[in-house]
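Summary of structural features
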Amino acid sequence: MSIFGTRKTRAVVVALAAGSLALTACGGNDSSGDSKDKSKTQEDAAKQSAAVTYGDAKASTGPAEAVPGAKPGGTMTVFQESDFSHLDPAQIYVSDGKLLSRLLQRGLTQYQEDDEGKQTLVGDLATDSGKATDGGKTWTFTLKDGLKDQNGGAITSADIRHTIERMYAPFITDGPTYVQQWLSGTGTTYRKALPDGPYKGKHLPDSVLETPDAKTVVFKFKDAQPDLPQALAMPGYSVVPAKTDTKEKYDTAPVATGPYKIAEFKPGKSMKLVKNTNWDPNSDSVRHQYVDGFNIEYNHDDDDQTKTLLADRGEAKNTVMFTGQVSTNQVRNVVEDPEAMKRTIQGYAPYVWQLNFNLDRMKDKKVRDAITYALPSAQIYKLDGGAYGGETATGLMSPTTPGYEKGYDPFGKLKKPNGDLEKAKSLIKEAGAEGQKVVYAYGNTPVRQQQAVVIADRLKAIGLEVVKKEIDSATWYEQVGKVDNGLDLYMTGWGQDWPSASTVFPPLYDGTQLQDGSSIYSHINDPKVNAEIARILKITDPAEAQKAWTALHHDIVERINPAAPIYFTKVFQIFGSNVGGIRYSADSSYVDVTRLFLKK
């Protein structure tokens with residue numbers, strides 16, 4: 001999942017999301033100067049890569065387990081750096097949108113977490129996590145009784161069918177494509193199965209998607225799809241009731257099925273959520289509805305959020321971050337304040353921040369390698385929270401992903417986390433690329449602007465001519481996700497959609513999926529890579545598949561180098577003193593928004 005554009009991202013999710021002494025191994029130091037670094041380590045990351053268990057009907061039955069000490073009432077304030085890029089669930093594939101979606105929307109399945117970070121995949125609108133037959137090629141879901149949208153309209157299997165089918169429509173460009181491809185073909189070919197979506201009266205055949213009665217939904221695949229319940233838990237597959245669907249307009253006024261609904265929305269300024277009175281807690285084993293509502297305020301950068309929450313005065317006591325982070329220049333102030341630390345959370349986010357090379361334009365691998373060697377990873381992540389915000393990345397697979405190899409470092413980043421300038425200059429000279437012009441895009445937030453200075457200076461230092469282009473972070477992924485984006489270099493953050501490399505390599509490096517809105521940000525379209533992805537996806541043994549993904553990772557990084565790894569991300573957030581229920585979510589990589597309450 002993409003991290004939020006200021007973002008894990010974009011925190012990933014969040015798509016921003018987003019260590020410890022692990023940084024020492026990377027040759028870096030805590031940017032706060034605090035030698036007693038207590039940030040998260042790669043050992044913590046490994047714990048987050050544990051496989052998710054599938055829950056039964058009992059685990060899927062509401063209400064959700066009460067949060068200790070929780071009280072109802074009050075309105076919570078949320079600080080956000082930028083507006084949400086999408087509100088239509090089918091278009092959501094970034095971290096901040098995922099957090100909002102957890103409050104507004106429901107799908108067939110969802111993640112249930114405990115205080116130890118263990119995740120159980122349970123039925124959300126469905127009575128359980130799904131029943132597989134035919135070796136995992138057929139999955140059946142039964143809807144719970146009495147489900148309604150915010151208008152009181154009954155949710156039936158026809159709405160689930162509509163939700164899946166509308167994702168084939170041409171105006172849906174930015175959401176996940178797993179289920180569509182599993183049902184109707186790889187790459188972009190799935191769209192041919194229903195080119196207009198369900199809007200002209202056509203539907204997927206019952207041999208693919210069947211709704212035999214109002215409460216039953218049956219998915220039928222050519223190949224076994226053991227991860228379907230996890231895919232359906234993504235916000236992109238949240239239900240869009242057929243009668244409420246306004247197509248493109250739905251992106252500004254979605255209908256809620258979760259505990260809250262949108263009461264007021266001022267794009268670029270604010271959003272107000274209030275209770276959805278048609279949400280039934282007895283049907284929901286994951287979410288709570290403790291507060292009366294949320295006032296979401298945009299245009300609060302990380303520095304502003306941190307200073308306000310650290311001061312903890314007035315309304316700040318009732319305020320939370322969604323995908324915000326403790327700002328770099330405030331880390332020491334927070335870490336050295338024992339009372340402030342009591343209202344913080346930390347976690348190892350699944351994202352890898354990488355500088356993508358647009359392979360349609362950056363065709364010389366020597367130039368790509370030169371830039372990769374040159375980038376001062378340690379300087380770059382220190383601008384995004386220091387040791388509490390990240391650590392030097394050595395490859396394109398994060399430490400939370402099964403199959404990650406600690407120590408795999410083809411570009412020598414562990415020994416030279418601030419880059420190898422001489423090696424980079426040598427490669428630029430070999431390529432005859434001195435003076436080559438490169439268009440480098442970056443987001444218009446303080447952190448990205450500061451990082452852009454460092455990156456641009458390093459590009460110039462190795463002999464390239466840099467044309468900088470600032471882009472609105474609220475639409476960052478929409479802009480860089482265009483096939484004809486006119487850019488050479490741009491950073492994105494990507495994290496697994498669930499603990500499997502199958503949610504990293506196909507969406508990022510399968511060139512058959514390249515289209516506007518896809519996550520093939522480097523525009524890679526290598527026949528060998530495409531074929532290997534297709535082969536690995538058919539491997540049913542998880543251990544064998546994991547080894548194959550790791551080998552493919554080596555090939556992509558070493559033979560092609562479509563993106564320079566910069567840093568792995570971690571999350572460090574602070575909250576107001578009157579906020580209760582704060583807990584890190586391994587699913588969203590930020591605070592678990594489903595359990596928040598005000599203490600008084």
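Let me begin by describing the structure that accompanies this report. (Residues numbered from 1 in each chain as written. Predicted model: local features only at pLDDT ≥ 70, side-chain atom pairs only at ≥ 80, totals over all residues. Heavy atoms only, no water.)

**Brief notes about the sheet that holds strand β11 (residues 293–297)**
Pairing is mixed across the open sheet formed by five strands, whose spatial order is β9-β10-β11-β2-β12. The open sheet has two edge strands with one neighbour each: β9 (260–266) and β12 (319–321). In this sheet, neighbouring strand axes are inclined to one another by 25° on average, regardless of whether the strands run parallel or antiparallel. Both strand β10 (residues 270–275) and β11 contribute to a ladder of five bridges, which runs antiparallel. Bridge pairing in β11 places Met271 opposite Ile296. Each of β2 (75–79) and β12 is contacted by helix α7 (residues 302–311), which is oriented at about 140° to β12, the strand it contacts most. (Pairing = 2+ DSSP bridges. Helix = DSSP H or I, 4+ residues; strand = E, 2+ residues; numbered from the N terminus. Axes fitted to C-alpha atoms, helices over the stretch in contact; angles between N-to-C directions. Contact = heavy atoms within 4.5 Å.)

**Thoughts on unusual backbone geometry**
In this model, Gly62 is joined to Pro63 through a cis peptide bond whose omega is 0°. For Pro63, the position within the fold is in the loop between β1 (53–54) and β2. Positioned with a positive phi, Asn561 is a non-glycine residue whose angle comes to about 55°. With respect to the helices, strands and loops of the structure, Asn561 is situated in the loop between α17 (542–560) and β18 (563–574).

**Some remarks on the nonpolar core**
Formed by 115 residues in total, the largest nonpolar core has its most connected members in Phe219 and Ile371. If we ignore the near neighbours within four places in the chain, the residues touching Ile371 are Leu355, Phe357, Met362, Leu459, Ile462, Leu464 and Leu489. Judged by nonpolar contacts, the second largest core, of 40 residues, contains Leu104, Val291, Phe294 and Tyr590. (Core = buried A, V, L, I, M, F, W, Y, C linked by side-chain atoms within 4.5 Å. Buried < 20%, exposed > 50% of the residue type's maximum accessible area, 1.4 Å probe, protein only.)

**A short note on the pairing of strand β6 (residues 138–142)**
Pairing analysis gives three bridges linking strand β5 (residues 131–133) to β6, with the strands arranged antiparallel. Its bridge partner lying in β6, Ala132 is registered against Trp139. Bridge count between β6 and strand β8 (residues 216–220): five bridges; the pairing is antiparallel. Following the sheet pairing, Thr140 is matched in β8 by Val218.

**Some points on the packing of aromatic side chains**
Applying the stated rule across the entire model yields 21 aromatic pairs. Between Tyr93 and Trp494 the ring centres are 5.4 Å apart and the planes differ by 70°, which places this aromatic pair in the edge-to-face class. Placement of the pair is Tyr93 in the loop between β2 and α3 (95–104) and Trp494 in strand β17 (residues 489–494), with a sequence separation of 401 residues. With a relative accessible area of 8%, Tyr93 lands in the buried category. Using a relative accessible area of 3% as the deciding quantity, one classes Trp494 as buried. An aromatic cluster of three or more residues is present, and its members are Trp139, Phe141, Tyr178, Trp182, Phe219, Phe221 and Trp498. Residue placement shows Lys247 over the ring face of Tyr199; its charged tip is 4.9 Å from the ring centre. In this arrangement the basic side chain of Arg448 is found over the ring face of Trp353, its NZ or CZ atom lying 4.1 Å from the centre. (Phe/Tyr/Trp six-rings, centres within 6.5 Å; stacked < 30°, edge-to-face > 60°. Lys NZ or Arg CZ within 6 Å of the ring centre and 35° of its normal.)

**Quick look at empty space enclosed by the protein**
If you add up the space inside the second largest cavity, you get close to 70 Å³. Lining of the second largest cavity is provided by 13 residues; of these, Ser101, Gln110, Ala233, Pro235 and Ser238 occupy positions nearest its centre. Secondary-structure elements contributing two or more residues to the lining of the second largest cavity are α3 and β3 (109–113). No other element matches the three residues that α3 contributes to the lining of the second largest cavity. A breakdown of the residues in the lining of the second largest cavity according to their chemical character gives four nonpolar, six polar and three charged. (1 Å grid on protein atoms, 1.4 Å probe; cavity = no way out; pocket = protein on both sides within 12 Å on 5 of 7 lines; lining within 4 Å. Points joined across faces, edges and corners; volume = space filled by probe spheres on them. Nonpolar A, V, L, I, M, F, W, Y, C, P; charged D, E, K, R; others polar.)

**Description of the packing of helix α16 (residues 527–536) against α17**
It is at 10 Å that the axes of α16 and α17 come closest, and there the two elements cross at 170°. Between α16 and α17, the angle falls in the class roughly antiparallel. The residues of α17 that touch α16, namely those facing Lys528, Val529, Glu532, Ile533, Arg535 and Ile536, are Ala545, Ala548, Trp549, Leu552, Asp555, Ile556, Arg559 and Ile560. Residues that form the contact of α16 with α17 fall into these classes: nine nonpolar, no polar and five charged. (Parallel < 35°, antiparallel > 145°, perpendicular 65-115°, else oblique.)

**Quick word on the environment of Leu359**
In this fold, Leu359 is placed in the loop between β13 (344–357) and α10 (365–374). Sequence-wise, Leu359 and Tyr521 are 162 residues apart; in three dimensions their C-alpha atoms are separated by 9.2 Å. Apart from residues no more than four positions distant in its own chain, Leu359 is found in contact with Arg368, Ser522, His523, Ile524, Ile560 and Pro562.

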